[in-house]
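Structural overview for review
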Amino acid sequence: MAFINTIPPGKATGETSEVYKSLALVEGHGMIPKIVQVFSLKPAAMKMMIRIWELSMWMGDEPRHNREMVAAAVSRFNKCHY
Amino acid sequence: MDGSAIDETPLERELIVLIRKNFDCPARLLPSDLDPIREIVGDGALDYTLVIGLFHFIDRIADLLHVAPETLPKSLRRFECLRRLTVRIASLIMSKMDLQNRKFNTSYEETVENITPLFEQAMGRKPGDVFAPVKSRPGLIEVFRFILEERVIHTSLKRETLSDIHRTVEDALPADIEDVQGFHERPENPVEAFAFAGTRYAYRTTKDMINDLRGMNYDDVGILDLAIAVAGANFWARTHRLLNLKPELFYVGFEDFGSTSAVS
């Protein structure tokens, strides 16, 4: 459980709910990762997070599998539990 | 047995060298560290720089705020059938994702124009050619606009607190493998301790550290803002060095940064 409260997608209203919906357009499915939900108390920050993720993983010329490899390696070095 | 793949490509090898340096001595990162990757993929090196920066941001948010993994709870992982089912569901979700590269349809000139009002608000001047090093990847300027917008408009933190966090992150930035291992004396101030641990080893963040922040009257939103500030500074610490951007573009109170960051 996170150290701070979050608003799960089922209980979100207003701007938070809209930002959750916008994630489905980026990802192509409706699952909201917990790393996105942790921003739910600040919809503007959640929106920022989603757009930066899209710019990092989809924009540019490099193939997706290389980007995923880079992401996995960074997290492995960081010993990130997530 | 050094952990590297037998059949790794030259690009993979160079990426791992860069990722390792971003982890164990980011204070020593230089624009020239991108050269071996540029020789293979040209300005694609900037795409990888962004992914590295993003995951230093995401990992810190996850560890500083203890975000639960997207897996089965530990107690259920011993049930093989449940584990298999989870993997199948994850595969199904992944199969629905569109993973093709997308076009960034805004030009360099337009992205600079888009960031200008915010930049002027933050810096008191026009951006001019400060983003020239990333001209071939204007998406990077949009990323910068978002993190600057968070810092200037959306955060609940005081300017002095942001300045304190940015300074603590730069001072704690590992310059050697020893800095990311072992035990080091943490600052007594809970905000600085949060920034210090979040920079060196965010996975060691404890509930007690969060309680110390609550003792300073930080509520959930305040703690989220602190985590964003620490993670954002860690993103920037790596990105500004690799992309040869001026550190004070994002850091608060770093106008004299050039004279105080002499780790090379």
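Everything discussed here concerns the structure shown above.
What this report covers is the structure whose coordinates are included nearby.

Calculation rules
Residues numbered from 1 in each chain as written. Chains lettered and ligands numbered in written order. Predicted model: local features only at pLDDT ≥ 70, side-chain atom pairs only at ≥ 80, totals over all residues. Helix = DSSP H or I, 4+ residues; strand = E, 2+ residues; numbered from the N terminus. Contact = placed C-beta atoms within 7 Å. Axes fitted to C-alpha atoms, helices over the stretch in contact; angles between N-to-C directions. Parallel < 35°, antiparallel > 145°, perpendicular 65-115°, else oblique. Left-handed = near helix turned anticlockwise from the far one by under 90°. Nonpolar A, V, L, I, M, F, W, Y, C, P; charged D, E, K, R; others polar. Core = buried A, V, L, I, M, F, W, Y, C linked by C-beta atoms within 7 Å. Buried ≥ 20, exposed ≤ 12 C-beta atoms within 10 Å, placed from the backbone.

**What about the overall build of chain B?**
On a plain count of helices and strands, chain B comes out with ten helices and zero strands. Along the chain direction, N to C, the helices and strands of chain B fall in the order α-α-α-α-α-α-α-α-α-α. Considered along the principal axes of its C-alpha atoms, chain B spans approximately 60 × 50 × 35 Å. Across chain B, contacts joining residues at least 24 apart in sequence account for 70% of those joining residues at least 6 apart.

**What to know about the packing of helix H4 (residues 64–78) of chain A against helix H3 (residues 44–64) of chain B**
At a minimum axis distance of 9 Å, the contact between H4(A) and H3(B) shows a crossing angle of 40 degrees. Classed by the angle they form, the pair H4(A) and H3(B) counts as oblique. For the crossing formed where H4(A) meets H3(B), the hand is right-handed. On the side of H4(A), the interface is formed by A:Arg67, A:Val70, A:Ala71, A:Val74, A:Ser75 and A:Asn78, while H3(B) contributes B:Tyr48, B:Val51, B:Ile52, B:Phe55, B:His56 and B:Asp59. Of the residues assigned to the contact of H4(A) with H3(B), the class counts are seven nonpolar, three polar and two charged.

**A look at the interface of chain A and chain B**
Quite often, the size of an interface is put as the accessible area lost when its parts meet. Facing the 41 residues of chain A at the interface are 49 residues of chain B. Of all the secondary structure elements, the ones that give two or more residues to the side of chain A that touches chain B are helix H2 (34–37), helix H3 (43–57) and H4 of chain A. In terms of residue count, H4(A) provides more of the side of chain A that touches chain B than any other element does, nine residues in total. A class-by-class count of the residues in the side of chain A that touches chain B yields 24 nonpolar, eight polar and nine charged.

**Some thoughts on the environment of A:Ile50**
Residue and element names in this part refer to chain A. Inspection of the secondary structure assignment puts Ile50 in helix H3. For the pair Ile50 and Tyr20, spaced 30 residues apart in sequence, the C-alpha separation works out to 9.4 Å. Non-local contacts of Ile50, meaning those with residues more than four positions away in its chain, are made with Ser22, Leu23, Val26 and Val36.

**Considering the nonpolar core**
Counting 87 residues, the largest nonpolar core has B:Ile61, B:Leu65, B:Ala227 and B:Val230 as the members making the most contacts within it. When residues no more than four places from it in sequence are discounted, the contact partners of B:Ala227 are B:Ile61, B:Leu64 and B:Leu65.

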